[in-house]
Amino acid sequence: MSPKFNLEEFARTAERVREKAKAEGRLLDNPSDAVLRDLVSKEERVVKTIYNNFVAESEPTSRSQQFTKNSVDDAFGDDELKLLKKCEDALAKEQIISIDCIVGAPDSGVFARLLVPAKFAHVAYGGRNLFIPSPKPVKKPDYTMIFFGDEAWKTNHAKLLPQKDITIRLAFLEDGRAVKIIRNSNYIGEFKKGVFACEDYVSKTKRGGIFLHAGCREDYLQSAHGTYKPVRTLFVALSANGKTTTTCKILARKGMERSWLVQDDGGTLMPDGSFHGFEAGGVFVKTEGVNPGEQVEIFYGLLKPETVCENVFVNDKGDFDFENFERTSNGRAVVRRADFMHASPSINVEAVDNIVLITRGPTIPAISKLTAEQAAAFMVLGQAMESSAGDPTKAGTIRTEFFYDPFIAGNRAQHANRFYDIIKNLPHLNFYLMNTGTVGEGYHLKKIEVGHTMSILDSLARGGLEDWVESAAGFKVPSAIRAVDDIMVHPERLYSVAEFEQKQYELKAIRYDAIEKVGLGLNAKVKKVFDNK
């Protein structure tokens, strides 16, 4: 953080933008859904479907992480002052929509404010649906997100993401407030992930917890021994690696059983083992390939009138085509929790039983059991697959992302140690590594289907995976899984011995390097997991 730059300038700019618009009659202060829908209907590149909901073409079609800096990890100075002036000048004559909402549960006491020009109305409509609207006036929001576009916004349309002219800055103020400025993007995810990043930082610096890029589900199922009990599971993953699917799909099948979607994309794990979600209004789902056969819970939510979509293909009849990726495969939608048939009444749970880390890689078993130290080390590694939600030009490649979370600010070793310190003191907590991609390669490649993954989770939640054995991959795997072939947890059988050993050697080097990058401050027990000696 630059000692010469006063970060309060971000807050003052936000206040001036809003107050000037208010004084000049240009401010739409927490408008009704009817007003927002009317504005969205007039927005460029927006179409209405036969379901009476809207689809907007955002620019860009994904997050812009490579253009993003924060005041903790980066020095702010003249460039940021110029950005603030640009923001104020660009919005000086615009009609501005101001949305205030609650972050977390209704009683959280945390408020976010979104300021967008009316020409980006779908961001306001969709963004508000992710959270609970504030029932009272907000004088001093905890987090403020401001969108604006300048002369480069339209010319960006013809460029690939790395060549676009975009600037995004997130300022963390000393008192826990934060302000994010988004120049030349009207992608809803920039608002969502702005709040996400704020919670990420504040959770560890002000609340004593650790924010995780995780979905949360709660199941009340009959166990393998005949008893019924609730099981709460977190799924940690990068975007588009299976987190929403595993969190949302229903496992309950019997009269007394229940499956609940608690939270889709993030929340804070506290030292007492409780988990607190941050989005109580809606779910930001990826629409790529969604169909009623595999993702019925999501599919019908997409057909509701209040659902706001971005970059989803709409045919000449006004209907969705979730298999058409002519513009992008990163189709997105904000579906209200009220339109998910099994959204839990609460986004918090009092205790977490399982943490599942979702990964991709041809030599990784479909499910493995981890120790607390291994779980912390794999969080540091964050091995996953790049998606069109991150960098569309690299979608499909294997990557590593610390804690599966590109929005972390601050010292990485301290972050990892906070996570380890919490989980090592929760003896009831179980840890698993789940591969939702493929095992094997080439002719021997086998896809891990959604059905395989959900069968594994069903057995896990019912206590049916009791016998674990050592595997050549270096983890414990189940001796048997109902309805899943053993090959899914024994990828070594799809290679010659020499080939598999070489793959493991290469993977070990990647893991070791990821740990080394975090630095000497990482807890020695965690660091030792991937020791290459």
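This structure is a prediction, so every number in the text was calculated from the model and none was measured.

S.K.: Could you give an account of the overall build of the protein chain, with specific residues and numbers?
M.R.: Within the protein chain, the regular secondary structure consists of 13 helices and 29 strands. Relative to its length of 533 residues, the protein chain is compact, with a C-alpha radius of gyration of 23 Å against a globular reference of 24 Å. Seen through its C-alpha atoms, the protein chain measures out along the principal axes to roughly 70 × 55 × 45 Å. For the protein chain, the proportion of contacts with a sequence separation of at least 24, taken over those separated by at least 6, is 74%. Accessible area of the protein chain: about 21300 Å², with a carbon and sulfur share of 51%.

S.K.: If you had to explain the sheet that holds strand β16 (residues 275-277) to someone new, which residues and values would you point to?
M.R.: Read across the open sheet, the four strands follow the order β11-β15-β16-β20; overall the sheet is antiparallel. In the strand order of this sheet, the two ends are held by β11 (210-212) and β20 (348-349), each with one partner. Note that strand β15 (residues 267-269) and β16 share three bridges and pair antiparallel. Paired with Thr268 across the two strands is His276, which belongs to β16.

S.K.: I'd love a proper account of the pattern of salt bridges, names of residues and values included.
M.R.: On inspection of all chains with the given rule, the structure shows 43 salt bridges. Across the pair Lys20 and Glu24 runs a salt bridge, and its minimum N-O distance is 2.8 Å. On the basis of relative accessibility, which here comes to 34%, the residue Lys20 falls in the partly exposed class. On the basis of relative accessible area, Glu24 is assigned to the partly exposed category, the value being 42%. With its nearest N and O atoms 3.0 Å apart, the salt bridge here joins Asp38 to Lys42. Here Asp38 pairs with Lys42, and both are found in helix α2 (residues 33-42), just four residues apart, close to one helical turn. Among the ionic contacts, a cluster of salt bridges with common partners joins Lys192, Lys193, Lys243, Asp265 and Glu279.

S.K.: Any details on the sheet that holds strand β19 (residues 332-336)? Residues and values, ideally.
M.R.: A sheet is described by the order of its strands in space; here five strands give the open sequence β2-β3-β18-β19-β17, paired in mixed fashion. Each having just a single partner strand, β2 (46-48) and β17 (282-286) make up the two edges of the open sheet. Within this sheet the neighbouring strands show an average axis-to-axis angle of 20 degrees, counted without direction. Across the sheet, helix α6 (residues 188-206) lies against β17, β18 (308-310) and β19, angled at about 125 degrees from β17, the strand it touches most.

S.K.: Explain the packing of helix α1 (residues 8-23) against helix α3 (residues 78-90) residue by residue, including any values.
M.R.: In contact at an axis separation of 10 Å, α1 and α3 are set at 10 degrees when each is read in the N-to-C sense. Classified by the angle between their axes, α1 and α3 sit roughly parallel to one another. Contact residues: α1 offers Glu9, Phe10, Thr13, Arg16 and Val17, while α3 offers Glu80, Leu84 and Glu88. Its residues placed into classes, the contact of α1 with α3 shows three nonpolar, one polar and four charged.

S.K.: Explain the packing of helix α9 (residues 372-381) against helix α10 (residues 412-423) to me, using residue names and the numbers behind them.
M.R.: Two elements in contact, α9 and α10, have axes separated by 10 Å at closest approach and are oriented at 155 degrees. One finds that α9 runs roughly antiparallel with respect to α10. In this structure, α9 crosses over α10, and the sense of that crossing is right-handed. Between α9, through Ala372, Glu373, Ala375, Ala376, Met379 and Val380, and α10, the contact on the second element is made entirely by Ala416, Phe419, Tyr420 and Ile423.

S.K.: Describe unusual backbone geometry, and please don't skip the residues or the numbers.
M.R.: In this structure, the amide linkage connecting Glu59 to the following residue, Pro60, adopts the cis form with an omega of 0 degrees. Positionally, Pro60 belongs in the loop between β3 (54-56) and β4 (68-70). In this model, Ala483 sits at a positive phi of 70 degrees, which is unusual for a non-glycine residue. When you line up the elements, Ala483 lands in the loop between β29 (476-478) and α12 (497-518). Under the relative-accessibility criterion, Ala483 is labelled exposed at 58%.

S.K.: Can you break down the environment of Arg253 residue by residue, with the values?
M.R.: On the secondary structure map, Arg253 appears in the loop between α7 (243-248) and β14 (258-263). For the pair Arg253 and Leu221, spaced 32 residues apart in the sequence, the C-alpha separation amounts to 8.5 Å. Once residues lying within four places of it in the same chain are set aside, the contact partners of Arg253 are Asp458, Arg462 and Arg482.

S.K.: Which residues make up the state of the cysteines, and what values go with them?
M.R.: Per the stated rule, a full pass over the model turns up zero disulfides. Here Cys216 is not cross-linked by a disulfide; its sulfur's nearest cysteine counterpart is in Cys248, at 12 Å.

S.K.: Quick one: what's the story with the packing of aromatic side chains, residue by residue and with numbers?
M.R.: Inspection of the entire model under this criterion finds 23 aromatic pairs. Ring geometry for Phe196 versus Phe407: centroids 5.3 Å apart, planes at 65 degrees, classification edge-to-face. Placement of Phe196 in helix α6 and of Phe407 in the loop between β24 (398-400) and α10 is noted, with a sequence separation of 211 residues between them. Here Phe196 and Phe407 have matching classes, each one buried. Put simply, the rings of Phe131, Phe191, Phe196, Phe211, Phe278 and Phe407 pair up and form one aromatic cluster.

S.K.: Would you mind going over the nonpolar core in detail, with residue names and values included?
M.R.: Counting residues in each nonpolar core, the largest one holds 75 residues, and the members touching the most others are Leu212, Leu269, Ile355, Leu357, Phe403, Phe419 and Ile423. It is α9 that provides the largest number of residues to this core, a total of eight residues. Dropping the residues within four chain positions of it, Phe403 is found in contact with Leu212, Val236, Met379, Val380, Ile408, His415, Ala416 and Phe419. Counting residues in hydrophobic clusters, the runner-up holds 49 residues, among them Ile97, Cys101, Val103 and Phe211.

S.K.: Which residues make up the pairing of β17, and what are the values?
M.R.: With five of its five residues buried, β17 lies for the most part within the structure. With burial as the criterion, each face of β17 is covered, one bearing Gly282, Phe284 and Lys286 and the other bearing Val283 and Val285. Pairing of β17 with β19 involves five bridges; the strand directions are antiparallel. Within the sheet, the bridge partner assigned to Phe284 lies in β19 and is Val334.

S.K.: Describe the environment of Trp468, listing the residues and the values that go with them.
M.R.: With respect to the element layout, Trp468 can be found in strand β28 (residues 468-470). Taking the C-alpha atoms as reference points, Trp468 and Leu160, separated by 308 residues in sequence, lie 47 Å from one another. Leave out the neighbours within four places in its chain, and Trp468 touches Ile367, Ser368, Lys369, Tyr432, Lys476, Val477 and Pro478. In this structure the side chain of Trp468 is engaged in a polar contact, spanning 2.9 Å, whose partner is the backbone oxygen of Leu465.

Conventions used here
Residues numbered from 1 in each chain as written. Predicted model: local features only at pLDDT ≥ 70, side-chain atom pairs only at ≥ 80, totals over all residues. Heavy atoms only, no water. Helix = DSSP H or I, 4+ residues; strand = E, 2+ residues; numbered from the N terminus. Rg over C-alpha atoms; globule rule 2.2 N^0.38 Å. Contact = heavy atoms within 4.5 Å. Areas by Shrake-Rupley, 256 points an atom, 1.4 Å probe, with all protein chains shown as cover. Pairing = 2+ DSSP bridges. Salt bridge = Lys/Arg side-chain N within 4 Å of Asp/Glu carboxyl O. Buried < 20%, exposed > 50% of the residue type's maximum accessible area, 1.4 Å probe, protein only. Axes fitted to C-alpha atoms, helices over the stretch in contact; angles between N-to-C directions. Parallel < 35°, antiparallel > 145°, perpendicular 65-115°, else oblique. Nonpolar A, V, L, I, M, F, W, Y, C, P; charged D, E, K, R; others polar. Left-handed = near helix turned anticlockwise from the far one by under 90°. Disulfide = S-S within 2.5 Å. Phe/Tyr/Trp six-rings, centres within 6.5 Å; stacked < 30°, edge-to-face > 60°. Core = buried A, V, L, I, M, F, W, Y, C linked by side-chain atoms within 4.5 Å. Polar contact = N/O pair within 3.5 Å; in protein donor to acceptor, adjacent residues only side chain to side chain.

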